[in-house]
Amino acid sequence: MIAIIDYGMGNLYSVSKALERMDVDYFISSEEAELEKADGYILPGVGSFKDAMAILNETGLTSFIQKIAANGKPLLGICLGMQLLFEESEENGLANGLSLLPGKVVKIPENTNGISLKVPHMGWNELDIRNENRLLSGIEKGYAYFVHSYYVETDAADTLLATAEYGVDVPAVVGRGNVFGTQFHPEKSSELGLAILKNFVQIVKEA
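Rules behind the numbers
- Residues numbered from 1 in each chain as written.
- Predicted model: local features only at pLDDT ≥ 70, side-chain atom pairs only at ≥ 80, totals over all residues.
- Heavy atoms only, no water.
- Helix = DSSP H or I, 4+ residues; strand = E, 2+ residues; numbered from the N terminus.
- Rg over C-alpha atoms; globule rule 2.2 N^0.38 Å.
- Buried < 20%, exposed > 50% of the residue type's maximum accessible area, 1.4 Å probe, protein only.
- Contact = heavy atoms within 4.5 Å.
- Areas by Shrake-Rupley, 256 points an atom, 1.4 Å probe, with all protein chains shown as cover.
- Lys, Arg positive; Asp, Glu negative; His and termini not counted.
- Charge placed at Lys NZ, Arg CZ, Asp CG, Glu CD.
- 1 Å grid on protein atoms, 1.4 Å probe; cavity = no way out; pocket = protein on both sides within 12 Å on 5 of 7 lines; lining within 4 Å.
- Points joined across faces, edges and corners; volume = space filled by probe spheres on them.
- Nonpolar A, V, L, I, M, F, W, Y, C, P; charged D, E, K, R; others polar.
- Polar contact = N/O pair within 3.5 Å; in protein donor to acceptor, adjacent residues only side chain to side chain.
- Salt bridge = Lys/Arg side-chain N within 4 Å of Asp/Glu carboxyl O.
- Pairing = 2+ DSSP bridges.
- Axes fitted to C-alpha atoms, helices over the stretch in contact; angles between N-to-C directions.

Undergrad: Quick question: what am I supposed to make of the overall build of the protein here?
TA: Counting secondary structure elements, the protein contains 6 helices and 16 strands. At 16 Å, the protein has a C-alpha radius of gyration in line with the 17 Å of a compact globule built from 207 residues. In terms of overall dimensions, the protein has C-alpha extents of about 50 × 40 × 30 Å along its principal axes. By residue count, 54% of the 207 residues in the protein fall in the buried class. If you take every contact in the protein between residues at least 6 apart in sequence, the share linking residues at least 24 apart comes to 68%. Carbon and sulfur atoms provide 45% of the accessible area of the protein, an area that totals close to 9,200 Å². Here the protein contributes 16 positive and 28 negative side-chain charges, whose respective centroids are spaced 3 Å apart.

Undergrad: Would you mind going over the layout of surface pockets with me for this structure?
TA: In this approach, a probe sized like a water molecule rolls over the atoms, and the result shows the empty space that is left. In this structure, the largest pocket encloses a volume near 180 Å³. For the largest pocket, the full set of lining residues is Val46, Gly47, Cys79, Leu80, Gln83, Glu91, Val147, His148, Ser149, Tyr150, Gln183 and His185. Residue assignment for the lining of the largest pocket shows that the elements contributing at least two residues are α5 (80-83) and β12 (143-148). For the lining of the largest pocket, a count of residues per class yields 5 nonpolar, 6 polar and 1 charged.

Undergrad: Before we go on, may I ask you to explain the environment of Ser63 in this structure?
TA: Relative to the assigned elements, Ser63 resides in helix α4 (residues 61-70). Residue classification places Ser63 among the partly exposed residues on the basis of a relative accessible area of 47%. Along the backbone, Ser63 and Leu98 are 35 residues apart, and their C-alpha atoms lie at a distance of 8.5 Å. Within the structure, Ser63 has its side chain in polar contact with the backbone oxygen of Gly60 (distance 3.0 Å).

Undergrad: Mind showing me how you'd approach the pattern of salt bridges here?
TA: Between side chains of opposite charge, a pair can form as their charged atoms come close. According to the stated counting rule, one finds 7 salt bridges in the structure shown. With a shortest N-O distance of 3.5 Å, Glu32 and Lys67 are connected by a salt bridge. You can see Glu32 sitting in helix α2 (residues 32-35) and its partner Lys67 sitting in helix α4, a full 35 residues away along the chain. Among the residues examined, Glu32 registers a relative accessible area of 36% and is labelled partly exposed. Note that Asp128 is salt-bridged to Arg130, the shortest N-O span being 3.3 Å. A relative accessible area of 40% means that Asp128 is categorised as partly exposed. The exposure class of Arg130 is partly exposed, given its relative accessible area of 39%.

Undergrad: Sorry, what's going on with the sheet that holds strand β3 (residues 40-43) here?
TA: Pairing between sheet strands relies on hydrogen bonds along the backbone, with the strands arranged either parallel or antiparallel. As summarised here, the arrangement of the 8 strands in space is β2-β1-β3-β4-β16-β15-β14-β11, forming an open sheet in which the pairing is mixed. The two strands at the open ends of the sheet, each matched to only one other strand, are β2 (26-29) and β11 (128-129). Inspection of the sheet shows strand β15 (residues 168-176) paired to strand β16 (residues 179-182) by 4 bridges, in the antiparallel sense. Residue pairing in the sheet places Gly175 in a bridge with Phe180 of β16. Of the strands in this sheet, β1 (2-5), β3, β4 (75-78) and β16 touch α4, which is tilted by about 135° from β3.

Undergrad: Hey, could you run me through unusual backbone geometry in this one?
TA: When glycine is set aside, most residues are seen to have a negative phi, and most peptide bonds are trans. The omega angle of the peptide bond from Val119 to Pro120 is 15°, so this bond is cis rather than trans. Note that Pro120 resides in the loop between β9 (115-116) and β10 (121-126). Residue Cys79 is not a glycine yet carries a positive backbone phi of 55°. If you check the backbone angles, Asn92 has positive phi at about 55° while not being a glycine. Assignment of secondary structure puts Asn92 in the loop between β5 (88-89) and β6 (95-96). Accessibility expressed as a relative area gives 52% for Asn92, which makes it exposed.

Quick look at the structure:
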């Protein structure tokens, strides 16, 4: 059973519909007692990093998410949910994240090597697979759908499973142990996105 963590800033509808199309058992909740029953978790997110962390801290979900990750339960962050997995963000002022993965969230530069970029970055970009991982099982290349103004900077090359080029190398898929994340929206990324979600479901079953 997979739980979609509801903290008021996630695109719950599209994620839940993707799981329904895959015939996956899931539930949506913000209550720790109910969330405890799940075997794996999806942390979606749309909006500001600082606002999201304020809600997670106020509701006690910060410590809960850190606990389930430490206990080895699979966790998948999507878009802002992926960024929250890291140590801190500069969006709307410096804010601490969940610190499950090493790195900092910074704004996409609007000009790189004299080339102007539209921010937010919106649209389809090709993935460059960097490291083998069960989350990417069966995936060698493909395009994913991105909508974001900030990206992760990290020196931990082992966590970079795939990147996408947008003036800078944007970490597109990250993972370490039982903690995973996609900067893009897999539920909106056609067959490639569904393949990643199916792989995550399999990871949850095996765990």
